[in-house]
Amino acid sequence: MENRKLVIRKDIINACKEAGVCKGQTIMVHTSLSSLGYVCGGAQTVIEALIHCVGKEGTIMMPTQSWKNLDPKTGVYWQEPEEWWDVIRENIPAYDKRITPTNTMGAVAEMFRQWQGTLRSDHPARSVAAWGRHAEYLTENHDLSNIFGEGSPIGKLYELDGYVLLIGVGYDKNTSLHLADVRAEYPGKHMVTESSAVMENGQRIWKSYETLAVDGEDFEEIGKAFEQTGQVKHAKLGCAALSMMSQRALVDFAVKWIEENRK
């Protein structure tokens, strides 16, 4: 407790600026509120600071995944007995982007999805939320089978030459690396069938869809290698660090890394 830091709005703004956050940027933000110490005002303060930094002409995007809305057989209900899985599958509420909570995305993302002016994409398990100039473009038409590929929110961020900002989290939380998954060719690359509860024509249905298997086990290793290129700016904030990078630079590097290293 002695080493815990007090963080206020001004501290967040100053750290973001030091890391390279500017007016007008489009930024995918991943954050761990608890890693910072004691943030006066909590998640609200972090969101207000981020919006202040990019301004009305900028855009903030965050992951708002509700990955519990997947088939229990995929392991997302590992803490529940297997004999419950059929019942869970039949009774998971259909995804509703207005109210479906995030799963382990953190307090900031959970508040952000409800923030005034924020839009959320339609993917029942892998949604994002965005605020600002490009929010509608980033969140529209998030296809079931195209979670992280071209034309997905992550793919559109690349088109916009956006940025990634990690606040107190590592590269294992860096969703943009999944775009590199899509673009890279490697031996183990494969498709899987996933299923989620969705609303169609006013009815809850259990819908299956083909999508690229999500593989993030080497993301920390990729991040460590990318850091060595000198293309990441850092700043201290409370008990944690901020890492800011060009998403294009990250993804382009990761495609090559995956093709050279992943089996």
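Here, every reference points to the structure presented above.
Residues numbered from 1 in each chain as written. Predicted model: local features only at pLDDT ≥ 70, side-chain atom pairs only at ≥ 80, totals over all residues. Heavy atoms only, no water.

## Considering the nonpolar core
Leu 50, Met 62, Leu 165 and Leu 242 are the most contacted members of the largest nonpolar core, which totals 46 residues. Looking at this core element by element, the count peaks at 8 residues for helix 3 (residues 42-54). (Core = buried A, V, L, I, M, F, W, Y, C linked by side-chain atoms within 4.5 Å. Buried < 20%, exposed > 50% of the residue type's maximum accessible area, 1.4 Å probe, protein only. Helix = DSSP H or I, 4+ residues; strand = E, 2+ residues; numbered from the N terminus.)

## Describing helix 1 (residues 9-19)
Along helix 1, the residues that are buried comprise Ile 12, Ile 13, Ala 15, Cys 16 and Ala 19. Within helix 1, the buried residues cover an arc of 165 degrees as seen down the axis, which keeps them to one side. Facing away from the buried side of helix 1, by more than 90 degrees, are the exposed residues Lys 10 and Glu 18. Where helix 1 is buried, its residues meet strand 1 (6-7), strand 3 (38-39), helix 3, strand 7 (163-167), strand 10 (232-237) and strand 11 (240-246). One or two residues past the end of helix 1 sits Gly 20, with phi positive at roughly 110 degrees. (Arc of directions from axis to C-beta. Contact = heavy atoms within 4.5 Å.)

## Here we look at the packing of helix 1 against helix 3
Viewed as axis vectors pointing N to C, helix 1 and helix 3 meet at an angle of 45 degrees, and their least axial separation amounts to 9 Å. When the axes of helix 1 and helix 3 are compared, the pair comes out oblique. The hand of the helix 1/helix 3 crossing is right-handed. Packed against helix 1, whose contacting residues are Arg 9, Ile 12, Ile 13 and Cys 16, the element helix 3 presents Thr 45, Val 46, Glu 48, Ala 49, Leu 50, His 52 and Cys 53 at the interface. Classifying every residue of the contact of helix 1 with helix 3 gives 7 nonpolar, 2 polar and 2 charged. (Axes fitted to C-alpha atoms, helices over the stretch in contact; angles between N-to-C directions. Parallel < 35°, antiparallel > 145°, perpendicular 65-115°, else oblique. Left-handed = near helix turned anticlockwise from the far one by under 90°. Nonpolar A, V, L, I, M, F, W, Y, C, P; charged D, E, K, R; others polar.)

## Remarks on the packing of aromatic side chains
On inspection of all chains with the given rule, the structure shows 2 aromatic pairs. With a centroid separation of 6.3 Å and an interplanar angle of 20 degrees, the aromatic rings of Trp 67 and Trp 78 are classed as stacked. Of this pair, Trp 67 sits in the loop between strand 4 (59-63) and helix 4 (85-91) while Trp 78 sits in the loop between strand 4 and helix 4, placing them 11 residues apart in sequence. Note that Lys 68 overlies the ring of Tyr 77, its terminal NZ or CZ placed 4.8 Å from the centroid. Across the ring face of Tyr 186, the terminal group of Arg 262 is positioned such that the distance to the ring centre comes to 4.8 Å. (Phe/Tyr/Trp six-rings, centres within 6.5 Å; stacked < 30°, edge-to-face > 60°. Lys NZ or Arg CZ within 6 Å of the ring centre and 35° of its normal.)

No statement about biological role is implied by the geometric values presented.
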